[in-house]
Amino acid sequence: MEAGDKFPAFVLQDENGDTFDSKTLAGKRYVIYFYPKDNTSGCTREAVAFSENKDAFETLGIQIIGVSKDSVASHRKFVDSKELRIKLLSDPDHKLLEESGAWGTKMMYGKETTGTVRSTFIVGADGKVEAAWKKVKVDGHVEKVLEKARSL
């Protein structure tokens, strides 16, 4: 996915086990970010940073959505333990991860593996990607996304 691409439609379960259909986002801007695993250090820092900046994004009319292949139960524990204020979606079959380009080969601890490639997208009200980040480094990332969102 690159700027200008139509973001794929999706229906996934959220941290409460409720069905979340991307059709509810029609006409709205949102940030959707993909991360490898609940309750790991980098993923926790990223989720906490998005939660801490939720109000700033909402002021711009932007909802924040996190996606990983973790289960609904894992997401619920993650939200509760870290007091997260953002929506988390479960993609256990990594269908959306693959469609968005956030699934692939990566290096982990010096070994090549297949899995989630940390990625973030700002999606416009028209459903098209306004900005994309691939192979994200966590520290300072949320601030860059917010800065870009303000400039669009």
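Our structure's up above, just so we're on the same page.
Residues numbered from 1 in each chain as written. Predicted model: local features only at pLDDT ≥ 70, side-chain atom pairs only at ≥ 80, totals over all residues. Heavy atoms only, no water.

**Student:** Would you explain the overall build of the chain in this entry?
**Tutor:** Broken down by element type, the chain carries five helices and nine strands. Along the chain, from the amino end to the carboxyl end, the secondary structure elements read β-β-β-α-α-β-α-β-α-β-β-β-β-α. In terms of overall dimensions, the chain is globule-like: its C-alpha atoms have a radius of gyration of 14 Å, near the 15 Å expected for 152 residues. In terms of overall dimensions, the chain has a C-alpha envelope of 40 × 30 × 30 Å along the principal axes. Buried positions account for 47% of the 152 residues belonging to the chain. (Helix = DSSP H or I, 4+ residues; strand = E, 2+ residues; numbered from the N terminus. Rg over C-alpha atoms; globule rule 2.2 N^0.38 Å. Buried < 20%, exposed > 50% of the residue type's maximum accessible area, 1.4 Å probe, protein only.)

**Student:** What's the story with the environment of Phe50 in this structure? I'm lost.
**Tutor:** Tracing the chain through its elements places Phe50 in helix 1 (residues 41-52). Along the sequence, Phe50 and Val31 sit 19 residues apart, while their C-alpha atoms lie 9.8 Å from each other. With residues near it in sequence (within four places) discarded, Phe50 still touches Val31, Tyr33, Phe57, Ile64, Ile86, Thr120 and Val142. (Contact = heavy atoms within 4.5 Å.)

**Student:** What exactly am I supposed to notice about the environment of Thr113 here?
**Tutor:** Position of Thr113 relative to the elements: it lies in strand 7 (residues 111-116). Discounting chain neighbours no more than four positions away, the residues touching Thr113 are Gly104, Thr105, Lys106 and Met108.

**Student:** How do you make sense of the side chain of Ser22 when you look at a structure like this?
**Tutor:** Looking at where Ser22 falls in the secondary structure, it is placed in the loop between strand 2 (19-21) and strand 3 (29-34). For Ser22, a relative accessible area of 12% gives the class buried. Excluding anything up to four places from it in sequence, Ser22 contacts Ala9 and Phe10.

**Student:** I would appreciate a short explanation of the packing of aromatic side chains in the present structure.
**Tutor:** One pass over the structure, following the stated rule, counts nine aromatic pairs. The interplanar angle of 40 degrees and the centroid separation of 6.2 Å between the aromatic rings of Tyr35 and Phe78 together place this pair among those described as tilted. Of this pair, Tyr35 sits in the loop between strand 3 and helix 1 while Phe78 sits in helix 3 (residues 72-82); the two residues are 43 residues apart in sequence, bridging distant segments of the chain. Of the two residues, Tyr35 and Phe78, neither departs from the other in class, the shared state being buried. With a centroid separation of 6.0 Å and 45 degrees between ring planes, the pair formed by Phe50 and Phe57 is classed as tilted. Through a chain of ring-to-ring contacts, three or more aromatic side chains come together here, namely Phe7, Phe10, Phe20, Tyr30, Phe34 and Phe121. (Phe/Tyr/Trp six-rings, centres within 6.5 Å; stacked < 30°, edge-to-face > 60°.)

**Student:** In this structure, what is going on with the sheet that holds strand 4 (residues 62-68)? I would like to understand it.
**Tutor:** Taken in spatial order, the seven strands of this open sheet run 2-1-5-4-3-8-9, and their pairing is mixed. Where the open sheet ends on each side, the last strands, each with one partner, are strand 2 and strand 9 (129-134). When the angles between neighbouring strand axes are averaged without regard to direction, this sheet yields 30 degrees. Where strand 4 meets strand 5 (residues 87-90), four bridges bridge the pair, whose relative direction is parallel. In the strand pairing of strand 5, Ile65 is matched with Lys87. Each of strand 3, strand 4 and strand 8 (119-123) is contacted by helix 1, which is oriented at about 165 degrees to strand 3, the strand it contacts most. (Pairing = 2+ DSSP bridges. Axes fitted to C-alpha atoms, helices over the stretch in contact; angles between N-to-C directions.)

**Student:** It is not clear to me how the environment of Ile65 should be interpreted in this structure. Could you clarify?
**Tutor:** In this fold, Ile65 is placed in strand 4. C-alpha of Ile65 to C-alpha of Leu89: the two residues are 24 residues apart in sequence and 7.2 Å apart in space.

**Student:** Is there a simple way to explain the nonpolar core in this structure?
**Tutor:** Membership of the largest hydrophobic core comes to 23 residues, with the highest contact counts inside it found for Tyr33, Phe50, Phe57, Ile86 and Leu88. If sequence neighbours within four positions are ignored, Ile86 has contacts with Glu15, Tyr33, Ala47, Phe50, Ser51 and Ile64. Judged by nonpolar contacts, the second largest core, of 19 residues, contains Leu12, Phe20, Leu25 and Phe34. (Core = buried A, V, L, I, M, F, W, Y, C linked by side-chain atoms within 4.5 Å.)

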